[in-house]
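# Overview (structure and organization)
Here is what each chain is made of, one letter per residue.
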Amino acid sequence: MQDLIGIKTFTKYGLATNKGELLFYLVAPTNISVLSHVNIEIKIRHLMMVLSAVPDIEITCTDSSECFDDNKSYLQERLSEEHNPKVRKIIKKDIDFLDHIQMEMATARQFLFIARLKNTKNKQTFDTANRIEKVISEQGFETHRMNKNEIKRFLALYFEASMNGEQMPDTDGEQFFEVDTDEENEG
């Protein structure tokens, strides 16, 4: 998967890819349904100011939790095949539980601003990362630069791999590869 999407490795500030380093900023969502028309216009202007100050920034909106559609499909299929009434009752309760959880999380979104840096040295990356975070914050957005575990969790959710993305290895398949130090010393 890493090769497919061009991810090289995690860096001190973000994620190195074939097309530069990506810096991820998590932005707390604002419930605009409770804002007045004037306040919504102000929020839009603030977003325009961020986009003017950092024109190459990318914006991503994703679910902040796992989707249960596959689990629900499996349970529906199991329900149609099951003949034992007690087991059917348990399966129905599981489906209802997943529906309830999904309803609660239906509005759970996370917003990310992603900056792509090309050909920058460590000091330049540090300065740019801090400048971007400052620009976003100064426009009234609650934000922070995501750390490695937060980025891993985001990628896992984005690619529907796992809710526990922060526990995934840094390198695809790393957990299956063991280096025998005796063999390494002989070679």
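First things first, this report covers the structure right here in the doc. (Residues numbered from 1 in each chain as written. Predicted model: local features only at pLDDT ≥ 70, side-chain atom pairs only at ≥ 80, totals over all residues. Heavy atoms only, no water.)

## A look at the overall build of the protein chain
Each helix and strand counted, the protein chain has seven helices and six strands in total. From first element to last, N terminus to C terminus, the protein chain shows the α and β order α-β-β-β-α-β-α-α-β-α-β-α-α. Expressed as a percentage of the 187 residues in the protein chain, the buried residues total 29%. Pairs at least 24 apart in sequence give 67% of the contacts found in the protein chain among residues at least 6 apart. Accessible area for the protein chain stands at about 13,000 Å²; split by element, carbon and sulfur atoms hold 52% of it. (Helix = DSSP H or I, 4+ residues; strand = E, 2+ residues; numbered from the N terminus. Buried < 20%, exposed > 50% of the residue type's maximum accessible area, 1.4 Å probe, protein only. Contact = heavy atoms within 4.5 Å. Areas by Shrake-Rupley, 256 points an atom, 1.4 Å probe, with all protein chains shown as cover.)

## Comments concerning the pairing of strand β3 (residues 20-27)
For β3, the buried fraction is high: seven of the eight residues fall into the buried class. Across three bridges, strand β2 (residues 15-17) lies against β3 in antiparallel orientation. Bridge pairing in β3 links A16 to E21. With antiparallel pairing between neighbouring strands as the criterion, β2 and β3 make up a hairpin whose turn holds two residues. (Pairing = 2+ DSSP bridges.)

## Concerning helix α5 (residues 122-138)
Since the α-helix packs 3.6 residues into each turn, any two residues three or four apart lie on the same face. For α5, with 17 residues, the first-to-last C-alpha span of 24 Å sits near the 24 Å given by 1.5 Å per residue. Along α5, the residues classified as buried are T125, T128, A129, I132, V135 and I136. For α5, the arc enclosing every buried residue in end-on projection is 130°, short of the 170-degree limit, so these residues lie on one face. Turned more than 90 degrees off the buried face of α5, the exposed positions are K123, K134 and E138. Of the surrounding secondary structure, the elements contacted by the buried residues of α5 are β3, α2 (37-53), β5 (109-117) and β6 (143-145). At the exit of α5 stands G140, carrying a positive phi of roughly 90°. (Expected span 1.5 Å × (residues − 1). Arc of directions from axis to C-beta.)

## A word on a nonpolar patch on the surface
On the surface, a nonpolar cluster with roughly 280 Å² of combined accessible area is contributed by I5, Y158 and F159. By the element assignment, I5 lies in helix α1 (residues 2-5). (Patch = residues over 30% accessible without salt bridge, like charges linked within 9 Å, V, L, I, M, F, W, Y side chains within 5 Å. Salt bridge = Lys/Arg side-chain N within 4 Å of Asp/Glu carboxyl O.)

## A look at the packing of aromatic side chains
The geometry of two aromatic rings is summed up by the distance between their centres and the angle between their planes. Under the criterion given, the structure shown has three aromatic pairs. Ring geometry for Y13 and F126: centres 6.0 Å apart, planes at 50°, overall tilted. A residue pair is termed long-range when its members are at least 10 positions apart, and Y13 in the loop between β1 (7-10) and β2 and F126 in helix α5 qualify at 113 residues. Relative to F141, the ring of F113 has its centre 6.2 Å away and its plane inclined at 65°; by these criteria the two rings are edge-to-face. Here F113, found in strand β5, pairs with F141, found in the loop between α5 and β6; they are 28 residues apart in sequence, far enough to count as distant. (Phe/Tyr/Trp six-rings, centres within 6.5 Å; stacked < 30°, edge-to-face > 60°.)

## Regarding the nonpolar core
The biggest cluster of nonpolar side chains holds 15 residues, and the ones touching the most others in it are L23, Y25, I57, F113, I132 and I136. Put simply, the parts of the chain that give this core at least two residues each are β3, β5 and α5. The dominant element in this core, judged by the number of residues it contributes, is α5, at four residues. Non-local contacts of I132, meaning those with residues more than four positions away in its chain, are made with Y25, V54, I57 and A115. Of all hydrophobic cores here, the second largest spans 11 residues; its members include I7, L22, M146 and F154. (Core = buried A, V, L, I, M, F, W, Y, C linked by side-chain atoms within 4.5 Å.)

## Structural notes on the pairing of β1
For β1 and β2, the ladder comprises three bridges, and the chain directions are antiparallel. Bridge pairing links F10 to L15 in β2. Here β1 folds back onto β2 in antiparallel fashion, the turn holding four residues.

## Side note on the environment of L98
Mapped onto the fold, L98 is located in helix α4 (residues 85-104). L98 sits in the buried class, given a relative accessible area of 10%. For the pair formed by L98 and K72, sequence separation is 26 residues and the distance between their alpha carbons is 7.1 Å.

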